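Chain residues, written in single-letter form:
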Amino acid sequence: CAGEEKRVGTRTVFVGNRPLSETETYVAQRFCDNRIVSSKYTLWNFLPKNLFEQFRRIANFYFLIIFLVQVTVDTPTSPVTSGLPLFFVITVTAIKQGYEDWLRHRADNEVNKSTVYIIENAKRVKKESEKIKVGDVVEVQADETFPCDLILLSSCTTDGTCYVTTASLDGESNCKTYYAVRDTIALCTAESIDSLRAAIECEQPQPDLYKFVGRINIYSNSLEAVARSLGPENLLLKGATLKNTKKIYGVAVYTGMETKMALNYQGKSQKRSAVEKSINAFLIVYLFILLTKAAVCTTLKYIWQSTPYNDEPWYNQKTQKERETFKVLKMFTDFLSFMVLFNFIIPVSMYVTVEMQKFLGSFFISWDKDFYDEEINEGALVNTSDLNEELGQVDYVFTDKTGTLTENSMEFIECCIDGHKYRSETQEVDGLSQTDGPLTFFDKADKNREELFLRALCLCHTVETKTNDAVDGATEPAELTYVSSSPDEIALVKGAKKFGFTFLGNRNGLMRVENQRKEVEEYELLHTLNFDAVRRRMSVIVKTPGGDILLFCKGADSAVFPRVHNHEIELTKAHVERNAMDGYRTLCVAFKEIAPDDYERIDRQLIEAKMALQDREEKLEKVFDDIETNMNLIGATSVEDKLQDQAAETIEALHAAGLKVWVLTGDKMETAKSTCYACRLFQTSTELLELTTKTIEESERKEDRLHELLIEYRKKLLHEFPKSARSLKKAWTDHQEYGLIIDGSTLSLILNSSQDSRSNNYKNIFLQICMKCTAVLCCRMAPLQKAQIVRMVKNLKGSPITLSIGDGANDVSMILESHVGIGIKGKEGRQAARNSDYSVPKFKHLKKLLLAHGHLYYVRIAHLVQYFFYKNLCFILPQFLYQFFCGFSQQPLYDAAYLTMYNICFTSLPILAYSLLEQHIHIDTLTSDPRLYMKISGNAMLQLGPFLYWTFLAAFEGAVFFFGTYFLFHTASLEENGKVYGNWTFGTIVFTVLVFTVTLKPFLKQQRMYFIFAQMLSSVSTWLAVILLIFISLFPEILLIVLKNVRRRSARRNLNCRRASDSLSTRPSVRPLLLRTFSDDSNVL
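Note that the coordinates shown come from a computational prediction; the quantities given were computed from them, not determined experimentally. (Residues numbered from 1 in each chain as written. Predicted model: local features only at pLDDT ≥ 70, side-chain atom pairs only at ≥ 80, totals over all residues. Heavy atoms only, no water.)

**Student:** Run through the overall build of the protein chain, naming residues and quoting values.
**Tutor:** Regarding its fold elements, the protein chain presents 38 helices and 34 strands. The burial tally for the protein chain puts 49% of its 1085 residues in the buried class. The long-range share in the protein chain, meaning contacts at least 24 apart out of those at least 6 apart in sequence, stands at 73%. Only carbon and sulfur atoms are counted for the fraction: they give 57% of the accessible area of the protein chain, which is about 52,700 Å². (Helix = DSSP H or I, 4+ residues; strand = E, 2+ residues; numbered from the N terminus. Buried < 20%, exposed > 50% of the residue type's maximum accessible area, 1.4 Å probe, protein only. Contact = heavy atoms within 4.5 Å. Areas by Shrake-Rupley, 256 points an atom, 1.4 Å probe, with all protein chains shown as cover.)

**Student:** Talk me through the packing of helix H2 (residues 46-54) against helix H4 (residues 79-112); I want residue IDs and the actual numbers.
**Tutor:** Two numbers describe how H2 lies on H4: the axes approach to 11 Å, and their chain directions differ by 120°. The orientation of H2 with respect to H4, classified from their angle, is oblique. Along this stretch, H2 crosses H4, giving a crossing that reads as right-handed. Where H2 approaches H4, its residues Phe46, Asn50, Leu51 and Gln54 are matched on the opposing element by Val89, Ile90, Thr93, Ala94, Gln97 and Gly98. Here the residues of the contact of H2 with H4 are counted per class, giving five nonpolar, five polar and no charged. (Axes fitted to C-alpha atoms, helices over the stretch in contact; angles between N-to-C directions. Parallel < 35°, antiparallel > 145°, perpendicular 65-115°, else oblique. Left-handed = near helix turned anticlockwise from the far one by under 90°. Nonpolar A, V, L, I, M, F, W, Y, C, P; charged D, E, K, R; others polar.)

**Student:** How would you sum up the sheet that holds strand E32 (residues 802-806)? Please name residues and give values.
**Tutor:** Here we have nine strands laid out as an open sheet, ordered E14-E34-E33-E32-E15-E28-E31-E30-E29, and mixed in their pairing. The open sheet has two free edges, formed respectively by strand E14 (381-382) and strand E29 (687-691), since each of these has just one partner strand. Relative to E32, strand E15 (residues 396-399) is paired through four bridges, and the arrangement is parallel. Looking across to E32, one finds that Phe398 is bridged to Ser804. Helix-sheet contacts for helix H25 (residues 744-751) involve E29, strand E30 (738-743) and strand E31 (775-779), and the interaxial angle to E30 is about 90°. (Pairing = 2+ DSSP bridges.)

**Student:** How would you sum up the sheet that holds strand E7 (residues 176-179)? Please name residues and give values.
**Tutor:** Here we have three strands laid out as an open sheet, ordered E7-E6-E12, and antiparallel in their pairing. Bordering the open sheet on either side are E7 and strand E12 (241-243), each of which pairs with just one other strand. Adjacent strand axes in the sheet meet at a mean angle of 45° when their direction is disregarded. The sheet contact formed by strand E6 (residues 161-165) and E12 spans three bridges and is antiparallel. Bridged to Val164 within E12 is Leu242.

**Student:** Summarise the UniProt feature "coiled-coil region" (unreviewed entry) in the protein chain; cite the residues concerned and give the values.
**Tutor:** Annotation from UniProt places "coiled-coil region" (unreviewed entry) at residues 599-630. Between the end C-alpha atoms of residues 599-630 there is a gap of 15 Å, over a span that is 78% helix and 0% strand. (UniProt positions renumbered as here; feature names shortened; annotations may be inferred.)

**Student:** Mind laying out the side chain of His527, listing which residues take part and the relevant values?
**Tutor:** With respect to the helices and strands, the residue His527 is situated in strand E23 (residues 520-529). Looking at His527, its side chain comes within polar contact range of the side chain of Asp603, at 2.6 Å. (Polar contact = N/O pair within 3.5 Å; in protein donor to acceptor, adjacent residues only side chain to side chain.)

**Student:** How would you sum up the packing of aromatic side chains? Please name residues and give values.
**Tutor:** Taken as a whole, this structure holds 35 aromatic pairs when the rule is applied. Taking the centre distance of 5.9 Å and the plane angle of 45° together, the rings of Tyr867 and Tyr870 count as tilted. Here Tyr870 and Tyr867 lie together in helix H30 (residues 845-882), a separation of three residues that amounts to about one turn. Assigned by exposure class, Tyr867 and Tyr870 land together as buried. On the numbers, 4.4 Å between centres and 10° between planes, the contact of Tyr898 with Phe991 is stacked. Taken as a pair, Tyr898 in helix H31 (residues 896-906) and Phe991 in helix H35 (residues 983-1005) lie far apart in primary sequence, 93 residues in all. Each member of the aromatic cluster is reached from another via a ring pair, and the members are Tyr882, Phe885, Phe962, Phe963, Tyr966, Phe967 and Phe986. (Phe/Tyr/Trp six-rings, centres within 6.5 Å; stacked < 30°, edge-to-face > 60°.)

**Student:** Now, about the pairing of strand E27 (residues 632-643): what can you tell me, with residues and values included?
**Tutor:** Along E27, nine of the 12 residues are buried, which leaves the element largely enclosed by surrounding structure. Bridge count between strand E26 (residues 585-594) and E27: seven bridges; the pairing is antiparallel. The residue bridging Cys588 from the neighbouring strand is Ala636, located in E27.

**Student:** Give a detailed account of empty space enclosed by the protein, specifying residues and quantitative values.
**Tutor:** Following the criterion strictly, the structure yields two cavities of 30 Å³ or more and no others. What the largest cavity holds in volume is close to 40 Å³. Taken together, Val92, Thr93, Lys96, Val352, Glu355 and Met356 make up the lining of the largest cavity. Counting residues per element, the ones that place at least two in the lining of the largest cavity are H4 and helix H12 (350-361). Here the lining of the largest cavity is composed, by residue class, of three nonpolar, one polar and two charged. Split by domain, the residues of the lining of the largest cavity number at least three in each of domain 2 (35-114) and domain 3 (266-313 + 321-380 + 853-1016 + 1024-1048). (1 Å grid on protein atoms, 1.4 Å probe; cavity = no way out; pocket = protein on both sides within 12 Å on 5 of 7 lines; lining within 4 Å. Points joined across faces, edges and corners; volume = space filled by probe spheres on them. Domains from an automatic or database assignment.)

**Student:** Could you give an account of unusual backbone geometry, with specific residues and numbers?
**Tutor:** One non-glycine residue, Gln890, lies in positive phi territory at about 65°. Even without a glycine there, the phi angle at Asn939 is positive, about 55°. By secondary structure assignment, the location of Asn939 is in the loop between helix H33 (923-928) and helix H34 (944-971). The exposure class of Asn939 is buried, given its relative accessible area of 11%.

**Student:** Break down a positive patch on the surface for me, with residues and values.
**Tutor:** Judged by side-chain charge, Lys1044, Arg1048, Arg1049, Arg1052 and Arg1053 come together as a positively charged surface patch. With respect to the helices and strands, Arg1048 occurs in helix H37 (residues 1020-1066). (Patch = residues over 30% accessible without salt bridge, like charges linked within 9 Å, V, L, I, M, F, W, Y side chains within 5 Å. Salt bridge = Lys/Arg side-chain N within 4 Å of Asp/Glu carboxyl O. Lys, Arg positive; Asp, Glu negative; His and termini not counted. Charge placed at Lys NZ, Arg CZ, Asp CG, Glu CD.)

**Student:** So, the confidence of the model for the protein chain: which residues are in play, and what are the values?
**Tutor:** Taken over all residues, the pLDDT of the protein chain has a mean of 79, while the share at 70 or more is 82%. Of all helices and strands in the protein chain, the one with the weakest mean pLDDT is helix H38 (residues 1072-1077) (33), whereas strand E13 (residues 247-254) scores best (93). Here residues 1-8 is modelled with pLDDT under 50, and outside its nearest four sequence neighbours on either side it reaches five contacts, counting other chains as well. Taken as a whole, residues 724-728 scores under 50 in pLDDT and shows five contacts with residues more than four places along the chain or in a different chain. (pLDDT = per-residue confidence, 0-100.)

**Student:** Can you explain the UniProt feature "active site" (unreviewed entry) in the protein chain? Please cite residues and give values.
**Tutor:** The feature "active site" (unreviewed entry), as given by UniProt, occupies Asp400 in the numbering adopted here. For Asp400, a relative accessible area of 4% translates into the label buried. There is a polar contact of 3.3 Å between the side chain of Asp400 and the side chain of Lys786.

**Student:** Quick rundown of a nonpolar patch on the surface? Include the residues and the values.
**Tutor:** On the surface, a cluster of nonpolar side chains totalling about 670 Å² of accessible area is made up of Leu1024, Leu1028, Phe1031, Ile1032, Phe1035, Leu1039 and Leu1043. Mapped onto the elements, Ile1032 comes out in helix H37. Judged by its relative accessible area of 55%, Ile1032 is exposed.

**Student:** Quick one: what's the story with the pattern of salt bridges, residue by residue and with numbers?
**Tutor:** Side chains that differ in sign of charge can pair as their charged atoms come close. For the coordinates displayed, the defined rule picks out 38 salt bridges. In this structure, Arg791 engages Glu817 in a salt bridge whose closest nitrogen and oxygen atoms are separated by 3.4 Å. Separated by 26 residues along the polypeptide, Arg791 in helix H27 (residues 783-794) and Glu817 in helix H28 (residues 812-817) bring together distant segments of the chain. Taken together, the shared-partner salt bridges in this structure form one network comprising Glu451, Arg455, Arg517, Glu519 and Glu521.

**Student:** Give me helix H19 (residues 616-627): which residues, what numbers.
**Tutor:** In this model, H19 (12 residues) spans 16 Å end to end at C-alpha, consistent with the 16 Å of a helix rising 1.5 Å per residue. Against strand E9 (214-219), strand E10 (225-230), E23, strand E25 (549-555), E26 and helix H18 (596-611) lie the buried residues of H19. (Expected span 1.5 Å × (residues − 1).)

**Student:** I'd love a proper account of the packing of helix H8 (residues 274-304) against H30, names of residues and values included.
**Tutor:** Relative orientation of the contacting elements H8 and H30 amounts to 5°, with a least axis distance of 12 Å. Considered as vectors, H8 and H30 are oriented roughly parallel to each other. Along the contact surface, H8 presents Val275, Ile279, Phe282, Leu283, Tyr286, Lys293, Val296 and Cys297, while H30 presents Tyr858, Ile861, Val865, Gln866, Phe869, Tyr870, Leu873, Ile876, Leu877 and Phe880. Classifying every residue of the contact of H8 with H30 gives 16 nonpolar, one polar and one charged.

This is the structure:
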């Protein structure tokens, strides 16, 4: 039916799980329970689910196939040789993942088994948290966390408010105020709560922490419903903590995995580093080498066997079954056998080693004392260790301005009232008025206008007050502490206080203000039109003590100027532009009187929009837009946001390292431009190219003017810079530097042109201009536009690595979009830090994070990956060469134990230690000389050149191991007793030399170890000491073994002589010489 269609995506919750009247029957609704499940596995699905996930990796799946081939086909090596390493890798990974999941299970049980109190039949009932159902009324005491998402019904305070910290959700440590609807404020006991008959209609669960749409219908005895709207200010989130309030009652609306906290920890996209892509490419190359080796050996085997004597020698006759086997099938079986023989060229243990290196290496960031910030008492945090090496490959840095480059610690500087400037050096307004340059003909602002402006600052905000002493009655202003999620609002309220107007807080819906005459004025707060990033303004509607209804509005000049009378703008515009050039943040303040009849209409529209469950935000935005028109401009404010410590030095270092830095901000152009000069993003010699509304509006046809500017800028830049992309970074220092400034409206024009073909043309030219500029400033950016910019650069030719850094919720989109996301633990909450890959306290820490840690992580992982392929090619090449000397019989060169343990034990741990601890360049050198970062950019160490170098090196050394041992056996293969060395001895010598060589290889790359080995090689005494000490250490055991062998041989010789004498005495031998020749003491190869 139509009614049901309107309620799509909503749920109805009955408070207390009771029917709305005694005559109705209550049918229990089905919602999920309150269990939190963050674990991935259960006892029953762990084995199949974990194995499925592990065998999705190409290397693991490959070795599983090899193992199955060894089991089903007669292969030269035992299935243990590939099965045991695979089992080791799978087991280690499973144990690691199982342990991590067990920790998650334990944490879940601590939450699910915690004690809560439910109101049932007017009594407090003790239950476990997981037993809470949607609709239950829950009692929460001070300093307890909310067990599920609750709608606040009442609290111990008379006004139905409570204070909550959401640090575990968004990191904000300051107290936030939440409100109960006025109809349930008085229900402060279990008995009164139990008498409540109400139903809540709200949206279905969704993860946004800051959005909630619902309404509560309260039924009296006459069953006449009273409807009240519900928003995020009424919703207490699971994981938040109750503070400064003794007790609250709330009704559960979302439980368990449907709470906003649980939904926020699900479905985060997985990012892959460039190194992983290189590993996959190398695996394909080595798989091709493996197939080639197997095909060559199979072909040569049948060429060798084309000679009858080689195909069936007298000592190895074929069976009848082998003669009847199809030749094609036999060739395929031989091909598989060679595949098995050479399969160790694929490094099975590399994935585990890389994972361990990344996981253990990430602790170096967390442990770095230089990242510790005493102000917030925190250091750096690693949210994902999979991208450590990506920190050393960044090409573009996208940074927010406010709170990232600046402190986000606002200080009120001055204000403008009707074009007259008021400084904040003293608390008195009179006598401090100055006129801005071209406005000298205006008189001093009227006293009533001054007071109206200051009242607007005291009333148009969402600031809460806290007092040290909970004493009823008026409190001294000095004891007030202002609390708000926006530092701007606190700065403005404090600025008004300096001029004699003090905001005293809210009491029973009345906003209390102390004026210059120390009189307390009370204003009834009728409606708050909240700030959002699209409107860029906020308003309040209040009723004065005299009964007048006023609307006060503050916001960005671009959002306020179009909504005020035109003749008033010029009075304030000069002040705003001058302060913006000085780097101050400016806000314009306006008001209008609302007639009683108009207010009734506005009130009705606002209530109707607030009660809507579908499209509430769009409906509210439309109503806000209609209300905030035809206003009167009063003046403007200026607050200073100081630059962060070492922000300029950090940007200079990033530029020197060859990185391009883009500033993406929602602030106005003049303010952002001034900040960019202060932090040295733009130098005094930088020529700025502007693509802004101001430059485009000079022409009647905006698109034509935009096209002209794009063509003009491209010609200038293409003429200045060479076409080669590799020489572009060097050209920055040799040629004129260019910077680009673009605003949000112009970017929309470029990306969303009226014609698709023209839009693509604009976009291509714009990208060409951006690539030639050393720095780009994007101002007046919406959060979505920030993500669009990052995505556009990510898709450039060559797929440059992007990094985004920000501190606020409006930066989350670009942080998630970029290859690497960095969150600043700032004052706008922790939304950015929660959604980032790495979080640091300050922007200055980015310098060491990239230039030192990123550089070292990349070099270490690059050596690790190249080394794994190198050592496996060294290992398997002698096996391949050996086939040319054994008739391609698939005879293994190495013992099965060596094949099994080579990757697991002999060669994994040294390179792991090297890849964790190696510092080929000192950290201080890396941070002081940013140009070193350019040497590893573009994945330089994992390109085709270095890969071929390591491959040819492995081929050379593998050939030396084999042929060196081969020629050694030509001259010294016989012992004194006539024995000759066998093939296992040959293989063991090759393996021994191989292990020593590949183990020492990483340490030769280390500069310090290079000089050590050079000194050792040139010192005879060192070699003598090493040989003697090894010999002395092993001598007792060697002597014991020799004595045992001598005794065993003597006993065996005596036994043989006794048997021979017994045989001769009973039966004469006709061939004694032949018997002696083939006696047990001889061993012919």
